[in-house]
Amino acid sequence: MTHTRHSESLPPTPLAPTPSQTVGPFYGYALPFPGGDQIVPAGHPDTITVHGYVYDGAGAPVPDALLEFWQAGPDGSLTGTPGSLRRDPTTGAVLGRDGLDFTGFGRVPTDAAGHYVVRTLPAVAPAARPAAAPYLAVCVFARGLLHHLFTRVYFPANETANAADPLLSGLPANRASTLLARPDSPARYRFDVRLQGAADSTHNGPADGGHEETVFLAFQ
C-alpha cells in the first residue's frame, strides 16, 4: 500500500520575545568609568550641577542604581564627541574623559545613600526638534528592573518653552512636575527619580512624603 503525505501551507508562527535578564547590581563592576559624572570639562564657566536621589516604591533610596545622561551640544547637535571611554593603549585600562571636550554623555552610579551627581552644560533643545524645550535625556538602571527606564529632566527657567513642549504640555500638571528639576542654589538643580508611587499624590521631596512616580517614556 502506498501512503501519500499531504502538506498544508501554514502561516509562520511568530516567535515569542526573548525575556530580559534581571539588571544589577552586577553592572556596577563594569559600566561606571572614571569621570562619568563630568560631562563638561572641569572648570568650564557655564557648568551646572544636577543631583538627586533614586527612590523605590516604598520611598527608600536605591544605593546601586545607575543613570545615563544624554544631551544635545550647545549647537543643538546630537552627534556628540568621542572620548568618554578612552583606554590606555598598553594596559587597556579605562582612562575616562580627556578633560577637554563636551561629549554630551554621562554615566553615574548612585552612592550608598541613593544619591547621584552629574556636572554638565545647560540643556538646549535638539536642533532636529524645534518644538521641544531644552532637556536632558536620562536612562535609569536598577536592581529588579527587567527593562531600563527612560525619562527627561526639564528646567523651570525655560517656562515659555516648557509650556509649548509636546511632552510636557500633554501631561497633567502633577505628572509634568515630576520631570522638572528644582533649583536649590545658583547653577545647581535637584532632580529625584521615583521608580514607583501613588498616581494621585503630589510631587514633593522625601521630607514631606511625596510619592508621585516619575514619568517614564516608551520608545516605539
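Details of the structure are given in the entry above.
Residues numbered from 1 in each chain as written. Predicted model: local features only at pLDDT ≥ 70, side-chain atom pairs only at ≥ 80, totals over all residues. Heavy atoms only, no water.

Some points on the pattern of salt bridges
In the structure shown here, the tally under the stated rule is seven salt bridges. We note a salt bridge from arginine 175 to glutamate 212, for which the minimum N-O separation is 2.8 Å. You can see arginine 175 sitting in helix α2 (residues 173-176) and its partner glutamate 212 sitting in the segment after β11 (193-194), a full 37 residues away along the chain. We classify glutamate 212 as buried; its relative accessible area is 0%. One salt bridge connects arginine 182 with aspartate 192, and the closest N-O pair in it is separated by 3.7 Å. Of the two residues, arginine 182 sits in strand β9 (residues 182-185) while aspartate 192 sits in the loop between β10 (188-190) and β11, which places them 10 residues apart along the sequence. A single network of salt bridges, built from pairs that share partners, joins Arg182, Arg190 and Asp192. (Salt bridge = Lys/Arg side-chain N within 4 Å of Asp/Glu carboxyl O. Helix = DSSP H or I, 4+ residues; strand = E, 2+ residues; numbered from the N terminus. Buried < 20%, exposed > 50% of the residue type's maximum accessible area, 1.4 Å probe, protein only.)

A word on the sheet that holds strand β7 (residues 135-141)
Taken in spatial order, the four strands make up an open sheet running β5-β2-β7-β8, and their pairing is antiparallel. With partners counted over all chains shown, the strands left at the sheet margins are β5 (105-109) and β8 (149-154), one partner each. Ignoring which end each strand starts from, the neighbouring axes of this sheet average 25° apart. In this structure, β7 lies alongside β8, joined through six bridges in antiparallel fashion. Bridge pairing links valine 140 to leucine 149 in β8. (Pairing = 2+ DSSP bridges. Axes fitted to C-alpha atoms, helices over the stretch in contact; angles between N-to-C directions.)

Details of the packing of aromatic side chains
This structure, assessed with the given rule, holds five aromatic pairs. With 5.7 Å between their ring centres and 45° between their planes, tyrosine 135 and tyrosine 154 make a pair best called tilted. One end of the pair, tyrosine 135, is in strand β7; the other, tyrosine 154, is in strand β8, and 19 residues separate them in sequence. For the pair tyrosine 135 and tyrosine 154, one class covers both residues: buried. (Phe/Tyr/Trp six-rings, centres within 6.5 Å; stacked < 30°, edge-to-face > 60°.)

Quick look at the environment of valine 153
Among the structural elements, valine 153 can be located in strand β8. For valine 153, a relative accessible area of 0% gives the class buried. Measuring from C-alpha to C-alpha, the distance between valine 153 and leucine 179 comes to 5.3 Å, with 26 residues separating the pair along the chain. Valine 153 has contacts with Pro134, Tyr135, Leu136, Val138, Leu179, Ala181 and Phe191, leaving out every residue within four places of it along the chain. (Contact = heavy atoms within 4.5 Å.)

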